[in-house]
Structures are given as structure tokens and as C-alpha cells.
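Spelled out from the first residue to the last, the chains are:
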Amino acid sequence: MPTFEEARRIILGRVAPLGVERVGVLESLGRVIAEDIVAPWEMPLCDNSAMDGFAVRAADCTVTPLSLKVTGYIPAGGEVCGAVEPGCAIRIMTGAPLPPGCDAVVPVEETEGSGETVTVTAPVSPRQHIRFKGEDVATGEVIIPAGTLIRPPEISMLASFGKAIVPVYRRARVAILSTGDELIELGEPPVPGKIVNSNTLSLAAAVRECGAEPVILGIARDNRESHREKMTEGLRADALITSAGVSAGDRDLVRDVLAELGVEQVFWKIDIKPGGPTAFAIFGAKPVFSLPGNPVSTMVTFEEFVRPALLKMMGHRRVLKPFVKAVLKEEARKKPGKINFLRVRVTVENGTYVASTSGDQHTGILKTMVRANGLVVLPGEASRVPAGTEVEMHLLGNEVEMLEG
Ligand SMILES: Nc1nc2c(c(=O)[nH]1)N[C@H]1C(S)=C(S)[C@@H](COP(=O)(O)OP(=O)(O)OC[C@H]3O[C@@H](n4cnc5c(N)ncnc54)[C@H](O)[C@@H]3O)O[C@H]1N2
Ligand code: MOO
């Protein structure tokens with residue numbers, strides 16, 4: 001049985017980035033660029049003003065205040081209207097191209113008067129307030145290296161160089177299959193013995209949250225035919241996630257039917273709690289994750305095993321959340337042996353993360369997952385972890401970093 005770390009290594013070793021597609025630059029947000037993008041020209045394309053003010057010759061302005069004759073005006077987007085002659089200035093706006101002869105710009109706040117003459121009131125240094133041709137990006141420079149996650153700054157850079165269509169790794173299409181005769185679909189009336197198929201929706205949400213595309217297959221009933229039919233459909237996607245039917249029950253058919261369909265089991269069971277019965281298999285290059293049915297176990301195993309794999313498939317290079325240190329608020333108890341994921345509510349106290357249990361840790365208790373914004377990883381060998389102990393934790397979302405506004 002693999003340990004937590006081994007299971008993650010095995011999974012990541014068996015998945016690879018999917019193909020590349022070309023999308024509109026705005027659609028590339030949150031995706032990973034698949035090729036180095038090179039600047040086809042330099043930026044800025046010409047020397048231009050960094051301020052609204054006056055284009056001057058610095059040599060004219062060695063002693064201030066002094067009065068200069070205003071001989072022209074260049075708005076942003078405007079054209080150069082002649083050179084700055086000695087003893088003269090040209091009114092210029094931010095971003096407008098510098099006229100010949102000019103080697104400094106005086107901001108309007110450091111001048112007085114307007115109209116035919118202007119008085120420069122502050123000392124002027126050569127090159128001040130000028131944005132020079134090519135100072136930001138040189139022609140041929142790699143502006144976005146392959147493997148970069150696209151955020152608004154990358155969109156700005158791509159757009160600045162006219163890149164309307166960009167090559168990104170494909171989104172993974174992820175089939176989601178719930179199994180079990182006890183399941184009813186959302187909207188059907190609840191009756192004792194039946195439960196709403198919430199796993200499909202929590203998994204679809206988690207798939208979507210990491211930038212992939214969920215393909216909902218519905219429910220496979222507890223017979224081989226139903227499993228076979230749904231799984232065959234699911235294996236057409238880039239990845240398949242099943243929930244439930246993976247432990248030791250007499251109707252736990254998931255692994256059996258997957259094997260029947262030619263899916264190679266890589267491992268079954270991980271030395272962790274919750275999530276122990278998780279299985280991982282491969283169909284060609286497609287990963288198949290069989291997650292335990294308890295809603296908490298399904299979400300925890302998605303977070304720790306599926307998400308990193310999907311991110312890798314979509315070209316991400318940073319796929320594992322870092323562990324952060326937290327101080328336990330209350331004592332935690334567990335059976336020695338397996339790593340335990342403790343659902344916690346995290347707060348920041350004097351710059352330190354403090355993790356407090358979010359409540360009953362039984363896997364059947366969904367409420368404590370809803371309350372949790374972190375998962376503390378209690379080491380396998382531990383049995384009693386005293387309050388005040390420094391532990392490792394994965395944050396769930398970034399809520400704890402945000403302040404109320
Ligand atoms: N003899 C053993 N029994 C169990 C073991 C074991 O090792 N030996 N492991 C236990 C653990 S740990 C877990 S976790 C569960 C996982 O079992 P399955 O993955 O086979 O899931 P089920 O038994 O079918 O369901 C468990 C639980 O989850 C609910 N469920 C199932 N599907 C959904 C869904 N789509 N949406 C919401 N809730 C769902 C289901 O009703 C059950 O309550 O096995 C233990 N048993
Ligand atoms: O491992 Mo089960 O996933 O404890 O609930």
C-alpha cells in the first residue's frame with residue numbers, strides 16, 4: 001500500500017500534459033502557455049514622454065527658473081510637429097513620441113504659465129521623464145516562456161505585442177461517475193435509505209475550479225451492466241473519476257468492471273485516513289481515479305491526488321500545494337499508523353496560522369468539511385498531538401488570507 005507521498009508521486013509519474021490548442025487571448029486566462037512567445041518588435045517602439053509637460057533641451061535649463069518659447073504640441077497618439085529648437089519647448093502629453101532635439105521632459109507641475117511661453121521652475125536633468133525605445137522589451141526577447149500560467153499581466157503583455165491568438169495546453173475533459181443504488185438525483189424527494197448524489201456535483205465543482213471541464217455521466221447502478229455502460233462512456237474523456245463502490249462491500253464493483261474494460265490498476269488503497277480505499281488506474285494515457293464514496297473522503301482525495309494530476313495534464317508545472325506551518329489549537333488524537341487529514345478552521349493570530357478542529361472528524365460528517373478552510377496532515381506515527389504543536393497544513397482556498405471589507 002503506497003504512503004501519501006508515494007501515491008502522489010506514482011500518480012504524477014503516470015500523467016502528462018495534454019495537447020495544445022490556440023485560443024483568443026482573453027480565453028487564455030488561467031491556462032498555461034505551451035510555447036515560448038517572442039517579441040516581434042521592441043517596446044516602446046520609440047522614445048516617448050513619461051509625463052504630461054514640456055519637451056525641452058536639458059542644456060537650455062541649467063539655471064532655473066527660465067522662460068522657454070512654446071513652439072508646438074504633441075498629444076498622445078499625435079505626430080511629432082518639428083524639433084525642439086534651442087530656447088524652445090514643445091507641449092507634450094504622456095505617451096506621445098519625443099520630438100528631435102528633446103532630451104528631457106519637464107512635468108507640468110514644475111512649470112508656470114501656458115500659451116506662448118512657459119517658465120521652468122525646477123532643475124532639469126538630461127533623460128528625465130523619458131521612456132526610451134526598447135527599454136522594456138527588446139525585439140526577439142522571450143516575453144512569456146512556455147509553461148507560464150496566464151494572469152492579467154501576461155494578457156497585457158500578449159496583447160501589447162498583437163498576440164490575439166495564443167497556444168495553450170488543452171483543458172482536461174474529466175468524466176465524473178457516481179455509483180450506488182442508494183443514490184437519487186438532485187430534485188428527487190429524499191426518503192430514508194436514499195441519498196442525493198452530491199458527489200457528482202462537488203467533484204464537478206472541484207474539476208471546474210481547477211480549470212478543467214467536467215463531463216457528468218450520472219449514476220451507475222450496482223450491477224455490472226450499468227457500470228460497464230457508464231465507464232465505457234467515461235473512458236472517452238481525458239480522465240475518469242468515479243466515486244464510491246471501491247471498498248470491500250459485496251457490491252463494490254468499480255475496480256472489477258474497470259479491469260474488465262482493460263483499465264490497468266496501478267494501486268488500490270493508500271495509507272491515509274480519510275480516503276484509504278482510493279484506487280488509481282490507467283487506460284492508455286488516461287488516468288482513472290476511484291475515490292471513496294463518503295462525501296468528505298471524495299473531496300479530500302480529490303484535493304490531494306486528483307487536482308495535482310489534472311493541473312499537470314493542463315500543462316501546469318507547479319501542481320502541488322505547499323505545506324504551511326500551523327499551530328494546533330486543541331489536542332488531536334488518532335490511531336497510530338496512517339497519516340490523518342484533520343479538517344480545521346484556520347485563523348491568523350499575530351502572523352501565525354492557528355488551526356482549530358472544525359468539529360467531529362468522522363468521515364460521515366459533512367458539516368466539518370464545510371466549516372474547514374485547511375487540512376492538517378497528522379503524521380502516521382503520531383497518536384496524540386498536543387495543543388500548541390506545530391503541524392503541516394494545506395490551505396483550502398485563500399479565504400484565510402483575505403480580510404473583511
Ligand atoms: N469492510 C470495510 N468496509 C469499509 C472500508 C473497508 O476498508 N473495509 N472502508 C470504509 C471507508 S474508509 C470508506 S471511505 C467507505 C468507502 O466505501 P465506498 O467507496 O465503497 O463507498 P460506499 O460504501 O458506496 O459509500 C460510502 C458512503 O458514501 C455515500 N455516498 C456514496 N456515493 C455518494 C454520492 N454520489 N453522493 C453522496 N454520498 C455518497 C454512501 O451513501 C455511503 O454513506 O467504505 C468504508 N467501509
Ligand atoms: O477513508 Mo474513509 O475514506 O475513512 O471515510
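Residues numbered from 1 in each chain as written. Chains lettered and ligands numbered in written order. Predicted model: local features only at pLDDT ≥ 70, side-chain atom pairs only at ≥ 80, totals over all residues.

**Q** If you had to explain the site of ligand 2 to someone new, which residues and values would you point to?
**A** The immediate surroundings of ligand 2 are formed by Lys273, Pro274, Gly275, Gly276, Pro292, Asn294, Ser297 and Thr363. Of the residues contributing to the shell around ligand 2, the split by class is two nonpolar, five polar and one charged. (Near = placed C-beta within 6 Å. Nonpolar A, V, L, I, M, F, W, Y, C, P; charged D, E, K, R; others polar.)

**Q** Which residues make up the packing of helix H3 (residues 198-209) against helix H6 (residues 295-313), and what values go with them?
**A** Here H3 crosses H6 at 20°, and the two axes come no closer than 10 Å. Here H3 is positioned roughly parallel relative to H6, judged by the angle of their axes. Handedness of the crossing formed by H3 with H6: right-handed. Between H3 and H6, the contacting residues are Ser198, Asn199, Ser202, Leu203 and Ala206 on the first element and Pro295, Thr298, Met299 and Phe302 on the second. Here the contact of H3 with H6 is composed, by residue class, of five nonpolar, four polar and no charged. (Axes fitted to C-alpha atoms, helices over the stretch in contact; angles between N-to-C directions. Helix = DSSP H or I, 4+ residues; strand = E, 2+ residues; numbered from the N terminus. Parallel < 35°, antiparallel > 145°, perpendicular 65-115°, else oblique. Left-handed = near helix turned anticlockwise from the far one by under 90°. Contact = placed C-beta atoms within 7 Å.)

**Q** Outline the domain arrangement of the protein, supporting the account with residue identities and numerical values.
**A** When the domains of the protein are assigned, the result is domain 1 (4-16 + 171-313), domain 2 (24-41 + 139-168), domain 3 (48-131) and domain 4 (324-401). With centres defined by C-alpha atoms, the gap from domain 3 to domain 4 works out at 62 Å. (Domains from an automatic or database assignment.)

**Q** Residues and numbers for the packing of helix H1 (residues 4-14) against H6, please.
**A** The interhelical angle for the contact between H1 and H6, taken along N-to-C directions, is 25°, at an axis separation of 9 Å. When the interaxial angle is binned, H1 and H6 end up roughly parallel. For the crossing formed where H1 meets H6, the hand is right-handed. Contacts between H1 and H6 involve Ala7, Arg8, Ile11 and Leu12 on the former and, on the latter, Phe305, Pro308, Ala309 and Lys312.

**Q** Quick rundown of unusual backbone geometry? Include the residues and the values.
**A** Between methionine 43 and the following residue, proline 44, the backbone shows a cis peptide bond with an omega angle of -5°. Along the chain, the position of proline 44 falls in the loop between strand E2 (37-38) and strand E3 (48-49). A cis amide bond, omega -5°, links threonine 64 with the succeeding residue proline 65. As for its placement among the helices and strands, proline 65 is situated in the loop between strand E4 (53-56) and strand E5 (66-74). In this structure, arginine 127 is a non-glycine residue whose phi angle is positive, near 80°. Take arginine 127: it is sitting in the loop between strand E9 (117-120) and strand E10 (130-131).

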